[in-house]
Amino acid sequence: MPTPVEIGSVVERTFRVVWSDGHRAEYTWRTLRMRCPCAACAGEWRHRPPPLTEADVPADIRAMSVSKVGNYALRFVWSDGHDTGLYTYAKLRYELCECGDCRAGRSHGLSPTR
């Protein structure tokens, strides 16, 4: 599993991560917040909330801070006060990356190489 070797700053317009496999990932703040994997946003067990929509998340949402959680995830504290989602490296690297290559691969139904 690739790990982050360089993590961007929360003051930038987009969030960037350079992975140990050389991939340079890019994420918009709003997409990261809308895809929050915490139990309140994504559900758990029998609790299945409706997916967040653009109406639920402010257009100007920003991460106020980002921190590593062990050797497997990043945790963001959001400008809307939300802070419980742990974004695993696998989710960030293979599911959420918005760089041109990853977007093109997903639009063609290609699964990322793990």
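Scoring rules and cut-offs
- Residues numbered from 1 in each chain as written.
- Predicted model: local features only at pLDDT ≥ 70, side-chain atom pairs only at ≥ 80, totals over all residues.
- Heavy atoms only, no water.
- Phe/Tyr/Trp six-rings, centres within 6.5 Å; stacked < 30°, edge-to-face > 60°.
- Helix = DSSP H or I, 4+ residues; strand = E, 2+ residues; numbered from the N terminus.
- Pairing = 2+ DSSP bridges.
- Axes fitted to C-alpha atoms, helices over the stretch in contact; angles between N-to-C directions.
- Contact = heavy atoms within 4.5 Å.

**So, the packing of aromatic side chains**
One pass over the full model with this rule turns up eight aromatic pairs. Each ring, one from F15 and one from W29, has its centre 5.4 Å from the other, and the planes form 40 degrees; the classification is tilted. Here the residue F15 occupies a position in strand β2 (residues 15-19), and W29 occupies one in helix α1 (residues 29-34), the gap between them amounting to 14 residues. Relative to Y87, the ring of F76 lies with its centre 5.1 Å away and its plane at 90 degrees, an arrangement referred to as edge-to-face. Of the two residues, F76 is situated in strand β5 (residues 73-78) and Y87 in strand β6 (residues 86-88); the sequence distance between them amounts to 11 residues.

**Considering the sheet that holds strand β1 (residues 4-7)**
If you trace the three strands from one edge of the open sheet to the other, you get β1-β2-β3, paired in antiparallel fashion. Both edges of this open sheet fall to β1 and β3 (24-27), since each of them pairs with a single strand only. For this sheet, the mean angle separating the axes of adjacent strands, direction not counted, is 25 degrees. Across four bridges, the pairing between β2 and β3 is antiparallel. Bridge pairing in β3 places R16 opposite E26.

**Quick notes on the environment of L52**
Within the secondary structure layout, L52 lies in the loop between α2 (39-42) and β4 (63-69). Leaving out residues up to four positions away in the same chain, L52 has contacts with R33, M34, C41 and V57.

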